[in-house]
There are 2 protein chains.
Amino acid sequence: MRDSALAHAYAVIMAGGSGTRFWPLSRRRRPKQLLTLLSKETLLEETVGRLRGFLPADRIFVYTSELLKSACARCLPDIPRRQIIAEPAARNTAPTIGLAAHEILRRDPDGIMIVLPADHVIRKAARFRRALRAACHWASVQGRSVTIGLKPDRPETGYGYIQKGRRAAKLDGEQLFVVGRFTEKPRLETARRYVASGRYLWNGGMFIWRAATLLRNLERATPEMASGLARISAAGGVRATRALRRVFPRLENVSIDYAVMESISDCYVIEADMGWSDVGSWAVVHDLARKDRDGNARPRGSLSLDSRGNMIIAPHKTVVTVGIKNFVIVDTEDALLVADLARSQDVGKAVQELARLGRKGLL
Amino acid sequence: MRDSALAHAYAVIMAGGSGTRFWPLSRRRRPKQLLTLLSKETLLEETVGRLRGFLPADRIFVYTSELLKSACARCLPDIPRRQIIAEPAARNTAPTIGLAAHEILRRDPDGIMIVLPADHVIRKAARFRRALRAACHWASVQGRSVTIGLKPDRPETGYGYIQKGRRAAKLDGEQLFVVGRFTEKPRLETARRYVASGRYLWNGGMFIWRAATLLRNLERATPEMASGLARISAAGGVRATRALRRVFPRLENVSIDYAVMESISDCYVIEADMGWSDVGSWAVVHDLARKDRDGNARPRGSLSLDSRGNMIIAPHKTVVTVGIKNFVIVDTEDALLVADLARSQDVGKAVQELARLGRKGLL
């Protein structure tokens, strides 16, 4: 039964994101999922790599933007080109997932979709695949929606949380719980309470369900979006470029969490500890990176005198630091960032300012 | 009489220095005197520029190294090429000044030489020229050696000091004192005492004397060096390349201060306040540079968020800083320095380390 569930599983990798927090390394044409932050592979390559031996390449779909499609394809030579799909507009996750569900359903009426962000880090890949296996099994039963909840280790206010309800099952050592509720990014006080209670998990944006289940839930929750998606599908799906370009950009710009997960009742969460991070800032990259004994993550050949806790990226030159602590230094061909690592969340503000000044070449 | 003294005046600009404190902007082939730190001109160009209208170009000599000769010539198109002289080895200031004295004497038995470092800043050029005029006049009288003493405004331990003796004269408003003594770089306590006493001036390495006077003093103080220089001169001077290459590198490596000034008795100092600085580190460049209202000296087009008191040089890219204070950032094609501005004296240590590691391309 489990294997039969896996035989119908399809990955839907969400690779359309844009962001500014990794500027100047990240740019409009090279957002976070296309960066090599912690290994020689981009986060997108790592995301696909984690599915190796779990799903065949012809059941892996990548949804991205027109701007990024070629770059995604270059990074993923093993994925058939027609499975790398460019959306004509950024409409958040719900329209993308709905579109993907139609594509899978067209191919396999019993298709199960595994929705995965392209720009997260998961250190324990085997643990991750075990959770996916259990989730696919559970989702193969009519009508069940499954998500992966990450064990929180700090009161992070940048994430959504999932409240665990009663335990529903144990599968291959994986704990499945009924979802109490999904909550948006909490205030610090609330986040502290959540973590202390032991009853909340982080929402990592990974969802597993039958394509048919998702479409039924979407129909119930947002009938207008569902009918738009049905029109695209009736015209021929993602290859019907005209219909896609006409209808998709007008679909409601909304996340799957908000559109569906918060409104359905039969939802399950697998509690997992898989070395997950959404890698939200340079400070997080520094936490995860390999460091010298002074806590500097820095290129070979750089020189560090009385310097501690720095995150240095400079692929093309020798960096010398003297007496600096807890900095992020990122050097690229046309731009250099030097920031307090604790302020790395504010890098986005600088990029907004560059945009306001019309410095388009730097965005 | 004053004008007649000036008619015999020759500038000897000491442009052979090498240094590491302005790395990575300064390199072996581009030391401080060839950098544009505070204006669009190199310090060497500014040094020559301050003599414009005071001395004709054919009475300005530049002494430098073989490595730097072409670069000096490129910067100074108005100076006749034969007056830009490459020494075959670096032997500190005494041998260079002796060599220059012979060259001047060959041309003008009454020649007065004005020895000037090529890598200092003098903000009040008119004040500087007034002091030089008085010095030339005073030096034209048989046997007098004159130096310019700078009014200290802090207990700097990196400079030599000159003790003022009795006042000897007042010329065009310039105060001339007998020199009590020259002292080497003092300890902080001593420097504090010097400055508080009001009786000490900084030694800026500017000397004015008749060429004949200098040679006589050199003969008395270091007869061996004097005889070596006489041999070079007898062979034809700086154009007698063979003699120069054979003899010059074996002359004693010693400063004019140590070889001559500290041993002669009839020495005078003109007290001057001419906006002088030896520009000894990035911190000094920051002090002297034009700054934004947050105290940042930074390129046009750079972006500075919550950043104060920084010195930023990056001619070829956009620099964004977030939350950093009192740092020096210097970006060049192959190297990037990020250092605590208060530690900018230690930049040299980093360069030593690069040398030890055999990173020759970066030196």
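Residues numbered from 1 in each chain as written. Chains lettered and ligands numbered in written order. Predicted model: local features only at pLDDT ≥ 70, side-chain atom pairs only at ≥ 80, totals over all residues.

## Some remarks on the overall build of chain A
Scanning chain A from N- to C-terminus turns up twelve helices and 16 strands. Taking 2.2 N^0.38 as the reference for a compact globule, 363 residues should give roughly 21 Å; the C-alpha atoms of chain A span a radius of gyration of 21 Å, in line with that estimate. C-alpha atoms of chain A, sized along the principal axes, occupy 60 × 50 × 40 Å. Counting the 363 residues in chain A, one finds 48% classified as buried. (Helix = DSSP H or I, 4+ residues; strand = E, 2+ residues; numbered from the N terminus. Rg over C-alpha atoms; globule rule 2.2 N^0.38 Å. Buried ≥ 20, exposed ≤ 12 C-beta atoms within 10 Å, placed from the backbone.)

## Things to note about the relation of the copies chain B and chain A
Overlay of chain B on chain A (RMSD 0.1 Å): rotation 180°, translation along the axis 0.1 Å. Considering both components of the superposition, the chain copies are consistent with a two-fold axis. Looking at chain B, 100% of its interface residues are interface residues in chain A too, so the copies touch through the same face. (Least-squares fit on C-alpha atoms with pLDDT ≥ 70 in both. Contact = placed C-beta atoms within 7 Å.)

## Let's talk about the interface of chain B and chain A
Across the boundary between the two partners, chain B contributes 28 residues, which contact 29 residues of chain A. Secondary-structure elements contributing two or more residues to the side of chain B that touches chain A are strand S12 (303-305), strand S14 (318-322), strand S15 (327-331), strand S16 (335-340) and helix H12 (347-356) of chain B. Of the residues forming the side of chain B that touches chain A, the biggest block, six residues, is contributed by S16 of chain B. Class assignment of the residues belonging to the side of chain B that touches chain A gives a composition of 17 nonpolar, three polar and eight charged. Where strand S16 (residues 335-340) of chain A and S14 of chain B come together, five bridges link them in parallel fashion. Within S14 of chain B, the residue paired with Val-338 of chain A across the bridge is Thr-321 of chain B. (Nonpolar A, V, L, I, M, F, W, Y, C, P; charged D, E, K, R; others polar. Pairing = 2+ DSSP bridges.)

## What about the domain arrangement of chain A?
Residue and element names in this part refer to chain A. Taken domain by domain, chain A comprises domain 1 (2-277) and domain 2 (282-362). On a C-alpha basis, the centres of domain 1 and domain 2 stand 30 Å from each other. Between domain 1 and domain 2, the residue contacts involve nine residues of the former and 13 residues of the latter. Looking at the side of domain 1 that touches domain 2 residue by residue, the classes come out as six nonpolar, two polar and one charged. (Domains from an automatic or database assignment.)

## Thoughts on the sheet that holds S15 of chain B
Judged by pairing direction, the sheet is mixed, and its five strands sit side by side in the order S12(A)-S14(A)-S16(B)-S15(B)-S13(B) without closing on themselves. Looking at strand neighbours, the two that pair on one side only are strand S12 (303-305) of chain A together with strand S13 (311-313) of chain B, the edges of this open sheet. Averaged over all adjacent pairs, the angle separating strand axes in this sheet is 5°, with direction ignored. Contacts from H12 of chain B reach S12 and strand S14 (318-322) of chain A together with S16 of chain B within the one sheet, and its direction differs from that of S12 of chain A by about 140°. (Axes fitted to C-alpha atoms, helices over the stretch in contact; angles between N-to-C directions.)

## A closer look at the nonpolar core
In this structure, Ile-13 and Met-113 of chain A together with Val-12, Ile-13 and Met-113 of chain B are the most contacted members of the largest nonpolar core, which totals 239 residues. Residues contacting Ile-13 of chain B, with those up to four places away along its chain left out, are Thr-47, Val-48, Ile-60, Phe-61, Val-62, Tyr-63, Leu-116 and Ala-118 of chain B. (Core = buried A, V, L, I, M, F, W, Y, C linked by C-beta atoms within 7 Å.)

## Re helix H4 (residues 93-107) of chain B
The terminal C-alpha atoms of H4 of chain B lie 21 Å apart, and with 15 residues this matches the ideal 21 Å at 1.5 Å per residue to within 8%. Among the residues of H4 of chain B, Thr-93, Ala-94, Pro-95, Thr-96, Ile-97, Gly-98, Leu-99, Ala-100, Ala-101, Glu-103, Ile-104 and Leu-105 of chain B are the ones counted as buried. (Expected span 1.5 Å × (residues − 1).)

## Some words on the sheet that holds strand S13 (residues 311-313) of chain A
Taken in spatial order, the five strands line up as S13(A)-S15(A)-S16(A)-S14(B)-S12(B) in an open sheet, and their pairing is mixed. Of all strands in the sheet, those bounded by a partner on one side alone are S13 of chain A together with S12 of chain B. Along the sheet, successive strands turn relative to each other by an average axial angle of 5°, direction set aside.

## Section: the pairing of strand S4 (residues 112-117) of chain A
Residue and element names in this part refer to chain A. Within S4, five of the six residues are buried, which leaves the element mostly enclosed by the surrounding structure. As paired strands, strand S1 (residues 9-14) and S4 are joined by six bridges and run parallel to one another. Bridge pairing in S4 places Ile-13 opposite Leu-116. As paired strands, S4 and strand S9 (residues 200-210) are joined by four bridges and run antiparallel to one another. From the neighbouring strand, Val-115 faces S9, where its bridge partner is Phe-207.

## Points about unusual backbone geometry
Note the cis peptide between Trp-23 of chain A and Pro-24 of chain A, where omega equals 5°. With respect to the helices and strands, Pro-24 of chain A occurs in the loop between S1 and helix H2 (43-49). For Asp-306 of chain B, which is not glycine, the phi torsion reads 45° and is therefore positive. Structurally, the position occupied by Asp-306 of chain B is in the loop between S12 and S13. A positive phi angle is found at Asn-326 of chain B, which is not glycine, with a value near 60°. For Asn-326 of chain B, the location among the structural elements is in the loop between S14 and S15. Of the residues examined, Asn-326 of chain B has 16 C-beta atoms within 10 Å and is grouped as partly exposed.

## Let's talk about the packing of H4 of chain B against helix H8 (residues 223-235) of chain B
Residues and elements named next belong to chain B. The N-to-C vectors of H4 and H8 enclose an angle of 40°; their axes lie 10 Å apart at closest approach. When the axis of H4 is compared with that of H8, the two are oblique. Here H4 and H8 pass one another in a crossing that is right-handed. Counted together, Ala-94, Pro-95, Gly-98, Leu-99 and His-102 of H4 and Met-225, Ala-226, Leu-229, Ile-232 and Ser-233 of H8 form the full contact between these two elements. (Parallel < 35°, antiparallel > 145°, perpendicular 65-115°, else oblique. Left-handed = near helix turned anticlockwise from the far one by under 90°.)

## Quick word on the pairing of strand S8 (residues 174-183) of chain B
Residues and elements named next belong to chain B. With seven bridges connecting them, strand S7 (residues 161-171) and S8 associate as antiparallel partners. Residue pairing for S8: Arg-167 is matched across the bridge by Phe-177. Hairpin remark: S7 followed by S8, antiparallel, with two residues in the connecting loop; positive phi at Asp-172, about 50°. Here S8 pairs with strand S10 (residues 267-272) via four bridges, running antiparallel. Within S10, the residue paired with Gln-175 across the bridge is Glu-271.

## Side note on the environment of Gly-160 of chain A
Residue and element names in this part refer to chain A. Of note, Gly-160 is situated in strand S7 (residues 160-171). For the pair formed by Gly-160 and Gly-205, sequence separation is 45 residues and the distance between their alpha carbons is 9.0 Å. Setting aside residues up to four positions removed in sequence, Gly-160 forms contacts with Phe-182, Thr-183, Glu-184, Lys-185, Asn-203 and Asp-257.

## Focus: the environment of Ala-57 of chain B
All names here are of chain B. Assignment of secondary structure puts Ala-57 in the loop between helix H2 (43-49) and strand S2 (60-65). Since 15 C-beta atoms lie within 10 Å of it, Ala-57 is described here as partly exposed. Separated by 142 residues in the primary sequence, Ala-57 and Arg-199 have C-alpha atoms spaced 37 Å apart. If we ignore the near neighbours within four places in the chain, the residues touching Ala-57 are Asp-78, Ile-79 and Pro-80.

## Section: the environment of Leu-362 of chain B
Mapped onto the fold, Leu-362 of chain B is located in the segment after H12. Leu-362 of chain B sits 53 residues away from Gly-309 of chain B along the chain, and the two C-alpha atoms are 27 Å apart. In this structure, Leu-362 of chain B is in contact with Thr-318 of chain A together with Asp-334, Ala-335 and Leu-354 of chain B, ignoring residues within four places of it in sequence.

## Re helix H12 (residues 347-356) of chain A
Listed as buried for H12 of chain A are Val-347, Ala-350, Val-351 and Leu-354 of chain A. Each buried residue of H12 of chain A sits inside an arc of 100° when the element is viewed along its axis, so together they form one side. Relative to its buried face, H12 of chain A has exposed residues pointing more than 90 degrees away, namely Gln-352 and Arg-356 of chain A. On the buried face of H12 of chain A, the contacting elements are helix H11 (282-288) and S16 of chain A together with S12 and S14 of chain B. Remark: Gly-358 of chain A follows H12 of chain A within two positions and exhibits a positive phi of approximately 75°. (Arc of directions from axis to C-beta.)

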